[in-house]
Amino acid sequence: MPSLITKNGKRRYRASVPVPGKKNERTQNKRTQKLFPDDSKRSLKDAVHWEKITRERLENQTDIICVSLFEWVEKYLDHSNTRYVKKTYDEKRKVFELLFSYKKGIAEQAVDDLTVEFANDFLSHQCNTRSGNAANKDRKNLVAAWGWGVRTIDAFPVDKPNPFAAIDRFPEQKKPRYVPPETDFWKVYNIVEGQDKVMLLSYLHLAGRRREVFRMKKDDIDFDHKTVRLWTRKRKNGTLESDQLPMTDELTRVLYSWCKKRFALDTVDREHVFVCLDEYHFCKDYYGKPFKNRQHLMKKKCKKAGVKHFGFHGIRHLTGYILYRQGKSVGFIQKVLRHKNPTTTEIYLRSLGIEDVRQGMNDAFTGLSKTGTSHS
């Protein structure tokens, strides 16, 4: 039966099952254990289920010990929960929920028994029922999880080829990248006030990702040298790293003015530059805390300004587009967007040149008659 323990000041359920035939240095039965997130009924239910299937697997295992899919997955998700942001973790967790629901009893199966045929059937099913984009995203996560298992789990079949990597990528129907026109951005900018106006200008002048600007703290800004640090997890293994960026004269002036007002408030967070200051009833629990989403702001403001909806990341696209139209080099734009690989920047900019192509085609064909001669 799972037990309640307190670890790092938090009560959690711990499941524990003895391993048959295994002894530790105290000659007691060695146990395999797993901690669950909290002391909720859901955690207790999951812990009881884990003990049940683990006990059955250990009792029925042969002399050749191989990790089960369930054990592989739970270890990988524990790893992912500490390494990645919640959105990435939820994406990975969803893949395995789909995998286990695709075939009954697959969770108890040994990883060594997983075939390329099964991997193909599962991913093809995702492609047919969801989309090629979704299937490719699932494939990416499963390939990564398998590679992690090879590197990390002792009982993992290291000589067995990755069955998910053997499956070719599926055809995708990618949505075109939407870049809001500059006029639309300024229409929205001109109807917002206070903190929102400062935030939008920060996104435009820093080309920051949504959470990077939300994470910005007072100590990240150096007004004397006109620089700011943005922190990102868009790096290998989800490591939180900082990039130091120059601030424009306009952004320096606007941010300086805002920070004087912002940090004169003693009743709210004392570190973050942008925090919830709305006093609506539904914001009561978030007042004074740093932002995490603000998903409704841009939708409402775009509607009020009478323009097509775009989000914070669309402003990042706009910054890249403005620099592209000004003739800045790929290397320069790469530095502003902070892509580690210039190829990423080239792919990013490829869809931004459509207006230049249109203008070139217009210039080439203007004045030509259908007979192939120019109009006099």
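Above this text sits the structure in question.
If you're wondering where the values come from, they're calculated on a predicted model, not measured in any experiment.

Caption draft 1: Highlighting a positive patch on the surface. On the surface, K87, K137, R211, K234, K289 and K292 cluster together into a positively charged patch. For K234, a relative accessible area of 56% gives the class exposed.

Caption draft 2: Quick look at the side chain of D184. The topology assignment puts D184 in helix 6 (residues 182-189). For the buried D184, which has no salt bridge, the nearest side chain bearing the opposite charge is K187, at an N-O separation of 4.5 Å. Look past the residues within four positions of D184 in its chain and what remains in contact with it is Y178, V307, K308 and F310.

Caption draft 3: A look at the environment of I315. Residue position: I315 is located in helix 11 (residues 312-325). Take I315: its relative accessible area is 0%, and that puts it in the buried class. I315 sits 108 residues away from A207 along the chain, and the two C-alpha atoms are 7.1 Å apart. Not counting chain neighbours up to four residues away, the residues in contact with I315 comprise F185, L200, Y203, L204 and F310.

Caption draft 4: How the structure looks around the packing of helix 3 (residues 86-102) against helix 5 (residues 132-152). Where helix 3 contacts helix 5, the axes come no closer than 10 Å and their chain directions differ by 95°. Put simply, helix 3 runs roughly perpendicular to helix 5. Note on element contacts: helix 5 touches helix 3 through K137, D138, K140, N141, L142 and A145, opposite E91, K92, V95, F96, L98 and L99. Class assignment for the residues of the contact of helix 3 with helix 5 results in 6 nonpolar, 1 polar and 5 charged.

Caption draft 5: Broad picture of the pairing of strand 5 (residues 227-232). In terms of strand pairing, strand 4 (residues 221-222) meets strand 5 through 2 bridges, oriented antiparallel. From the neighbouring strand, I221 faces strand 5, where its bridge partner is V228. Taking the residues that link successive antiparallel strands as the turn, the strand 4-strand 5 hairpin has 4 residues, and the phi of K226 there is positive, at about 55°. Here strand 5 runs beside strand 6 (residues 241-246); their pairing, made up of 6 bridges, is antiparallel. Residue V228 lies in a different strand from strand 6, and its bridge partner there is L245.

Caption draft 6: The sheet that holds strand 4, seen in detail. Across the sheet, 3 strands lie side by side as 4-5-6; this open sheet has antiparallel pairing. The strands lining the two open edges of the sheet, one partner per strand, are strand 4 and strand 6.

Caption draft 7: Layout of the packing of helix 2 (residues 69-83) against helix 3. For the pair helix 2 and helix 3, interaxial distance at closest approach is 10 Å and the crossing angle is 170°. What the angle tells us is that helix 2 and helix 3 run roughly antiparallel. For the pair helix 2 and helix 3, contact is made by L69, F70, W72, V73, Y76, L77, S80 and N81 and by Y89, K92, R93, F96, L99 and F100, respectively. Residues belonging to the contact of helix 2 with helix 3 are distributed by class as follows: 10 nonpolar, 2 polar and 2 charged.

Caption draft 8: Main features of the environment of T319. Assignment of secondary structure puts T319 in helix 11. Judged by relative accessible area, T319 falls into the buried class, the value being 8%. Expressed as a C-alpha distance, the spacing of T319 and Y203, which sit 116 residues apart in the sequence, is 8.5 Å. When sequence neighbours within four positions are dropped, the list of residues in contact with T319 reads Y203, L204, A207 and V336.

Caption draft 9: Fine view of the nonpolar core. With 40 residues, the main nonpolar core has L200, M216, F274 and F312 as its most contacted residues. Within the residue set of this core, elements represented by two or more residues are helix 6, helix 7 (194-206), helix 8 (210-214), strand 5, helix 9 (249-262), helix 10 (297-305) and helix 11. Element by element, the count of residues in this core is highest for helix 7, at 7 residues. When near neighbours in sequence (up to four residues on either side) are disregarded, M216 contacts L206, I221, V228, L230, E271, H272, V273 and F274. Among the nonpolar cores identified, the runner-up in size contains 29 residues, and V73, L77, A135 and W148 belong to it.

Rules of the game
Residues numbered from 1 in each chain as written. Predicted model: local features only at pLDDT ≥ 70, side-chain atom pairs only at ≥ 80, totals over all residues. Heavy atoms only, no water. Patch = residues over 30% accessible without salt bridge, like charges linked within 9 Å, V, L, I, M, F, W, Y side chains within 5 Å. Areas by Shrake-Rupley, 256 points an atom, 1.4 Å probe, with all protein chains shown as cover. Salt bridge = Lys/Arg side-chain N within 4 Å of Asp/Glu carboxyl O. Lys, Arg positive; Asp, Glu negative; His and termini not counted. Charge placed at Lys NZ, Arg CZ, Asp CG, Glu CD. Buried < 20%, exposed > 50% of the residue type's maximum accessible area, 1.4 Å probe, protein only. Helix = DSSP H or I, 4+ residues; strand = E, 2+ residues; numbered from the N terminus. Contact = heavy atoms within 4.5 Å. Axes fitted to C-alpha atoms, helices over the stretch in contact; angles between N-to-C directions. Parallel < 35°, antiparallel > 145°, perpendicular 65-115°, else oblique. Nonpolar A, V, L, I, M, F, W, Y, C, P; charged D, E, K, R; others polar. Pairing = 2+ DSSP bridges. Core = buried A, V, L, I, M, F, W, Y, C linked by side-chain atoms within 4.5 Å.

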